[in-house]
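Here are the chains, one letter per residue:
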Amino acid sequence: MRYAHEVGKVRAAERALMARLPEGALMQRAAAGLASVCARVLPAVYGARVVLLVGGGDNGGDALYAGARLARRGARVHVVQAGSKIHEAGFAALRAAGGRPAAGDPADAIAGADLIVDGLTGIGGTGALREPHARLAALASEAPGLVIACDVPSGVDAGTGEVAGEAVHADITVTFGTHKPGLLIDPGASHCGVVELVDIGLGDDLPDPDVVAARPADVRPPEPGPESDKYRRGVVGVLAGGDAYTGAAVLSTGGAVHGGAGMVRFASVAHPVELVRQHWPEVVTTVIEPGAHDAKVLERVGRVQAWVAGPGLGTGDAAESLLEAVLSTDLPVLVDADGLTVLARRRDLLLRPAPTVLTPHAGELSRLIGAPREDIEARRLEHVRRAAAELSATVLLKGSTTLIAEQDRPVRVNPTGTPRLATAGTGDVLSGLIGALLAGGLPALDAAAAGAYLHGLAARLASAPHPDAAEAPISAQDVVTALPEAFRSLP
Ligand SMILES: NC(=O)C1=CN([C@@H]2O[C@H](COP(=O)(O)OP(=O)(O)OC[C@H]3O[C@@H](n4cnc5c(N)ncnc54)[C@H](OP(=O)(O)O)[C@@H]3O)[C@@H](O)[C@H]2O)[C@@H](O)CC1
Ligand SMILES: [K+]
């Protein structure tokens, strides 16, 4: 896992470690790590034109000391100072090594640099960048040289990934001690380029992480054992589709079929049942009558180990009665799409002892928790956490960075997302896939995180089947088809 810690915890760990080290030692570790990444990416350090953008805090100090190291190796290092304050000891070290303030218009120095080190703000940055920082950030982002952000791209909120104004677009972000949540969550994540973690020795002083992102080896779908039969591997029940929406039924069922379920049961009114039978002959189907139902309706569908309810189900009385039936079982239930719209008026149905997984996009979450959609999109981490606590559920918030929250657990960030997934029907595939993983016995948070991971991977493989292939647009059906390849590509 890649671990990220909130800014307050980073500062506390730094304080604890600093108390045991000689003064300035920690900043030297950070600067040494930053300088070595700079040296690695420059074709040659000797003679390289390096520009340091330096704010008034310790982030600027890191950049100055790293610049001094590069200057001692022959780089031509110039400083663009933003604001009146500067880290005096770092500045003195840089001058002693031969670095100089940039003369003339900073725009010229930035445009002519081979490498720009962004030391404007780090974890101490708050709100939109002020001037002249904002202009310098914009100049750096447009410059032809490589941009390396020190700790955090300036303008990105380290704790949340919010970007309130101008922000540096880095090619590489060298971060110290631990990742910060804002490096993993959009829009901040999309400003980072490649993130490199420099170990400054915080390890023992850091508490449990607040946010984690899976690496491939962390994703472990349920493995069928030698004596698995279709019942032990997990039967997933899908309640989806209606006379109006049939595609959602086919796609959600497809996600379940390719998600490793031992068996998929599907129940709906006659028309979607007919289509699912045509697409997925391996699925066991049940036709249910239109209109409202009592809890007994599920007995006709048969035994399952987890339910998926909602895609294309409609939002009227019939859908509400099915949701009520399914949520009154003691089985894990995933609710998506129309099911979420129903839940927005029936939050009482969420008061249940068994696990519930909700998979809203920002608009659906807005209805569920009564927060404006734009607020949710701007502050995804805060809202997904709040939703998990308020709704007593595992909440997977879809979007440019999919986040998965469960109360008192680190928030999972899905690293495999791709803009290619922003196409109709892909969410239905995800619901069936997570349902299959739940039925296979994964705990809710792991099932949701593994589902999001495999779903993103499948979309990438569908779009570009091998590393040299150009990306092509994809359909939700392509994602279903690529799921086996996504499973195979796990280590
Ligand atoms: N602690 C340690 O041991 C270690 C810390 N390390 C490093 O220190 C960094 C944290 O340093 P920090 O705490 O000094 O804060 P920092 O990120 O430089 O920002 C403060 C400056 O930014 C300014 N500023 C703020 N908002 C702004 C805005 N919107 N627009 C414009 N300006 C704005 C603010 O100005 P002010 O508001 O005070 O006028 C102040 O000048 C950390 O990220 C890591 O790089 C490493 O060396 C490892 C050891
Ligand atoms: K920075």
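In the block above lies the structure referred to throughout.
Keep in mind that this is a model prediction, so the values were computed, not measured. (Residues numbered from 1 in each chain as written. Chains lettered and ligands numbered in written order. Predicted model: local features only at pLDDT ≥ 70, side-chain atom pairs only at ≥ 80, totals over all residues. Heavy atoms only, no water.)

Asker: Would you mind going over the sheet that holds strand β17 (residues 403-405) with me for this structure?
Answerer: In sheet architecture, strand pairing relies on hydrogen bonds along the backbone and comes in two forms, parallel and antiparallel. Taken in spatial order, the 11 strands make up an open sheet running β1-β9-β18-β17-β16-β15-β14-β13-β10-β11-β12, and their pairing is mixed. The sheet is open, and its two borders are formed by β1 (2-4) and β12 (284-287), each paired with just one other strand. Direction aside, the axes of adjacent strands within the sheet are offset by 20° on average. As defined by bridge partners, strand β15 (residues 356-358) adjoins strand β16 (residues 394-397) across 2 bridges and the pair is classed as parallel. Among the inter-strand pairings, leucine 358 is bridged to a residue of β16, identified as valine 395. Set on the sheet, helix α15 (residues 426-439) makes contact with β10 (235-239), β13 (306-309), β14 (333-335), β15 and β16; between it and β13 the angle comes to about 165°. (Pairing = 2+ DSSP bridges. Helix = DSSP H or I, 4+ residues; strand = E, 2+ residues; numbered from the N terminus. Axes fitted to C-alpha atoms, helices over the stretch in contact; angles between N-to-C directions. Contact = heavy atoms within 4.5 Å.)

Asker: Whenever I open this one, the nonpolar core confuses me. Can you help?
Answerer: Soluble, globular proteins show a tendency: their nonpolar side chains are buried together. Ranked by size, the top nonpolar core spans 52 residues in total, and within it Val264, Phe266, Ile434 and Leu438 carry the most contacts. In terms of residue count, helix α16 (residues 444-463) provides more of this core than any other element does, 12 residues in total. By size, the runner-up hydrophobic cluster in this structure holds 49 residues, among which are Val235, Leu298, Val335 and Val342. (Core = buried A, V, L, I, M, F, W, Y, C linked by side-chain atoms within 4.5 Å. Buried < 20%, exposed > 50% of the residue type's maximum accessible area, 1.4 Å probe, protein only.)

Asker: Just to check I follow, could you spell out helix α8 (residues 247-257) for this structure?
Answerer: Each α-helix turn comprises 3.6 residues. Residues three or four places apart therefore point the same way. Counting buried residues along α8, 10 of its 11 residues qualify, which places the element largely inside the surrounding structure. Taken as a whole, α8 has its buried residues at Ala248, Ala249, Val250, Leu251, Ser252, Thr253, Gly254, Gly255, Ala256 and Val257. Residues of α8 that are buried make contact with β10, β11 (263-268), α9 (270-279), β13, α15 and α17 (476-488).

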